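Below, each chain spelled out in residue letters.
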Amino acid sequence: QVQLVESGGGLVQPGGSLRLSCAASGSISSPNAMGWYRQAPEKERELVATITSGGGTNYADSVKDRFSISRDNAKNTVYLQMNSLKPGDTAVYYCSYRRLYGVRINTWGKGTLVTVSP
């Protein structure tokens, strides 16, 4: 089993920055992908960014010029640096872990709330 704990959410003004962290523990193995998804009120959960254990990244078009994902494999932690935040970025952000071999097991964190408001 893999456990994920998110942190770093909060209230920020438009144009501001925020850094999210997600620490993974448990039965972690490679190759894998970790990343962030978000869900705004009345909307479906959507991909924000992912990063594989090898360092490959993928971003949603809406954030790729503003957000940056990174990871520290020694700490089993993934980060999301969010810059130039907009009110539309307001959502609960969920950390994800996905095994990339055999059964593609996916694990979710409980989420951290990001609110972008004047």
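The structure contained in this document is the topic of the report that follows. Along each chain, numbering runs from 1 in the same order as the chain's sequence is written. Given that the model is predicted, a residue must reach a pLDDT of at least 70 before its local features are reported, and side-chain atom pairs must reach 80 or more before they are shown or counted; all residues, however, enter totals for whole chains, interfaces and linings. For the side-chain quantities, the full set of heavy atoms in the structure was used; hydrogens and water were omitted.

1. Some words on the state of the cysteines
Point 1. For this text, the term disulfide refers to a pair of cysteine sulfurs within 2.5 Å. One pass over the structure, following the stated rule, counts one disulfide.
Point 2. Between the sulfur atoms of Cys22 and its disulfide partner Cys95 the distance amounts to 2.0 Å. Linking Cys22 and Cys95, the disulfide has an S-S dihedral of approximately -85° and is accordingly described as left-handed. Taken together, the residues span a long stretch of sequence, with Cys22 in strand β3 (residues 18-26) and Cys95 in strand β9 (residues 91-99) at a distance of 73 residues. Here a strand is any run of E in DSSP of at least two residues, a helix any run of H or I of at least four, and the numbering for each starts at the N terminus.

2. Looking at the pairing of strand β8 (residues 77-82)
Point 1. Most of β8 is tucked away: five of the six residues are buried.
Point 2. Pairing between strands is defined by DSSP: at least two bridges between the two strands are required. Here β3 runs beside β8; their pairing, made up of six bridges, is antiparallel. Paired with Leu20 across the strands is Leu80, a residue of β8.
Point 3. One ladder, built from six bridges, connects strand β7 (residues 67-72) with β8; its direction is antiparallel. Note that in β8 the partner of Phe67 across the bridge is Met82.
Point 4. In this antiparallel pair of consecutive strands, β7 and β8, the connection spans four residues, and Asn76 shows a positive phi of 50°. To sort residues, take the accessible area from a 1.4 Å probe on protein chains only and compare it with the maximum for the residue type: under 20% means buried, over 50% means exposed, and anything in between is partly exposed.

3. Details of the side chain of Asn32
Point 1. Here Asn32 is to be found in strand β4 (residues 32-39).
Point 2. For Asn32, the side chain forms a polar contact with the main-chain oxygen of Ser29, separated by 2.9 Å.
Point 3. Note on contacts: a residue pair qualifies if any of its non-hydrogen atoms lie within 4.5 Å across the two residues. Every residue in contact with Asn32, bar those within four places of it in the chain, is listed here: Ile51, Thr52, Ser53, Arg71, Tyr97, Arg98 and Leu100. Polar contact criterion, stated in full: a pair of N or O atoms within 3.5 Å, where within protein one must be able to donate a hydrogen and the other to accept it, and residues adjacent in sequence count only if both atoms are side-chain atoms.

4. So, the sheet that holds β8
Point 1. Pairing within the open sheet is antiparallel, and its four strands lie in the order β1-β3-β8-β7. Both outer strands of the open sheet, β1 (2-7) and β7, are each paired with one neighbouring strand and no more. Averaged over all adjacent pairs, the angle separating strand axes in this sheet is 15°, with direction ignored.
Point 2. Pairing between β1 and β3: six bridges, direction antiparallel. When the bridges of β3 are listed, Glu6 appears paired with Cys22. Orientation is described by lines fitted to C-alpha atoms, with helices fitted over the stretch in contact, and by angles between N-to-C directions that extend from 0 to 180 degrees.

It is worth stressing that arrangement in space is one thing and function is another; only the former is reported here.
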